[in-house]
Amino acid sequence: MKSRVAASIALAAALMLGATGCTFSANIATEKPYDPSDGVGAEVGELSIRNALLIGDDPEELNLVMTVVSAADTDRRVTVQWEADGERVTEEIFVGANGRTAFGGPEQDQVLITGSGATIGGLVPVFFAYPGAEGVEVLIPVLDGSLPEYELYIP
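Definitions and limits used
Residues numbered from 1 in each chain as written. Predicted model: local features only at pLDDT ≥ 70, side-chain atom pairs only at ≥ 80, totals over all residues. Heavy atoms only, no water. Core = buried A, V, L, I, M, F, W, Y, C linked by side-chain atoms within 4.5 Å. Buried < 20%, exposed > 50% of the residue type's maximum accessible area, 1.4 Å probe, protein only. Helix = DSSP H or I, 4+ residues; strand = E, 2+ residues; numbered from the N terminus. Contact = heavy atoms within 4.5 Å. Pairing = 2+ DSSP bridges. Polar contact = N/O pair within 3.5 Å; in protein donor to acceptor, adjacent residues only side chain to side chain. Salt bridge = Lys/Arg side-chain N within 4 Å of Asp/Glu carboxyl O. Patch = residues over 30% accessible without salt bridge, like charges linked within 9 Å, V, L, I, M, F, W, Y side chains within 5 Å. Areas by Shrake-Rupley, 256 points an atom, 1.4 Å probe, with all protein chains shown as cover. Lys, Arg positive; Asp, Glu negative; His and termini not counted. Charge placed at Lys NZ, Arg CZ, Asp CG, Glu CD.

### Thoughts on the nonpolar core
The biggest cluster of nonpolar side chains holds 29 residues, and the ones touching the most others in it are Leu54, Leu64, Met66, Ile93, Phe128 and Ile140. Mapped onto this core, the elements with two or more residues apiece are strand E1 (40-44), strand E2 (47-55), strand E3 (61-70), strand E4 (76-84), strand E5 (87-95), strand E8 (123-129) and strand E9 (136-143). Not counting residues up to four positions away in its chain, the partners in contact with Phe128 are Val44, Ile49, Leu64, Met66, Val78, Thr79, Val80, Gly135, Val136, Val138 and Ile140.

### Considerations on the environment of Gly117
Relative to the assigned elements, Gly117 resides in the loop between strand E7 (112-114) and E8. With relative accessibility at 58%, the residue Gly117 sits in the exposed group.

### A closer look at the pairing of E3
Counting buried residues along E3, eight of its ten residues qualify, which places the element largely inside the surrounding structure. Here E2 pairs with E3 via seven bridges, running antiparallel. Its bridge partner being in E3, Leu47 is matched across the sheet by Ser70. With antiparallel pairing between neighbouring strands as the criterion, E2 and E3 make up a hairpin whose turn holds five residues. Alignment of E3 against strand E6 (residues 100-103), held across four bridges, turns out to be antiparallel. Opposite Met66, over in E6, you have Phe103 as the bridge partner.

### A few points about the side chain of Ser70
If you trace the backbone, Ser70 turns up in strand E3. In this structure the side chain of Ser70 is engaged in a polar contact, spanning 3.1 Å, whose partner is the backbone nitrogen of Ala72. Non-local contacts of Ser70, meaning those with residues more than four positions away in its chain, are made with Glu46, Leu47, Val95, Gly96, Ala97, Asn98 and Gly99.

### Examining the side chain of Thr101
Secondary-structure assignment places Thr101 in strand E6. Only 3.4 Å separates the side chain of Thr101 from the backbone nitrogen of Gly96, close enough to count as a polar contact.

### Observations regarding the environment of Leu53
As for its position among the elements, Leu53 is in strand E2. With 88 residues separating them in the primary sequence, Leu53 and Pro141 have C-alpha atoms 5.5 Å apart. The contacts of Leu53, once residues within four sequence positions are left out, are Asp38, Gly39, Asn63, Leu64, Val65, Ile140, Pro141, Leu143 and Tyr150.

### A closer look at the pattern of salt bridges
Summed over all chains, the structure comprises one salt bridge. The partner of Glu46 in a salt bridge is Arg76, and the shortest N-O contact between them spans 2.6 Å. One end of the pair, Glu46, is in the loop between E1 and E2; the other, Arg76, is in strand E4, with 30 residues separating them in the sequence.

### A few points about a negative patch on the surface
Negative charge collects at one region of the surface, where Asp57, Asp58, Glu60, Glu61, Glu83, Asp85, Glu87 and Glu137 lie side by side. Positionally, Glu83 belongs in strand E4. Accessibility expressed as a relative area gives 41% for Glu83, which makes it partly exposed.

See below:
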């Protein structure tokens, strides 16, 4: 009788370990950062660039669509740079303190990336920085307006 109880306990323990053992060494996917949309994100000091994409029908004129989230107590002037015809092009954008600033929409400020030599479906390196923070270069995907959700963002 004792051996039957011991065998039952051993079998139950083996089944439990076998059914749940794979989670002991598995990486938990929800702890991995990822970009949940078509765009990409980056961190620049106290600013988070979220869902950055370039949209346009003509790759020579692309609209930079993104949201910048600020954790800073002061407003920031952010430098946006890209290569155009072998030269660095610089534009400044304004990001308000402690909030979100969206760019590229119909009623929002726009940054037009021109002369980058981009192709639809490719990536364009864009550099973001502001005084006091180390800048970051981000490879931003280039999309066209063939999807209905992007039609409003074509320059």
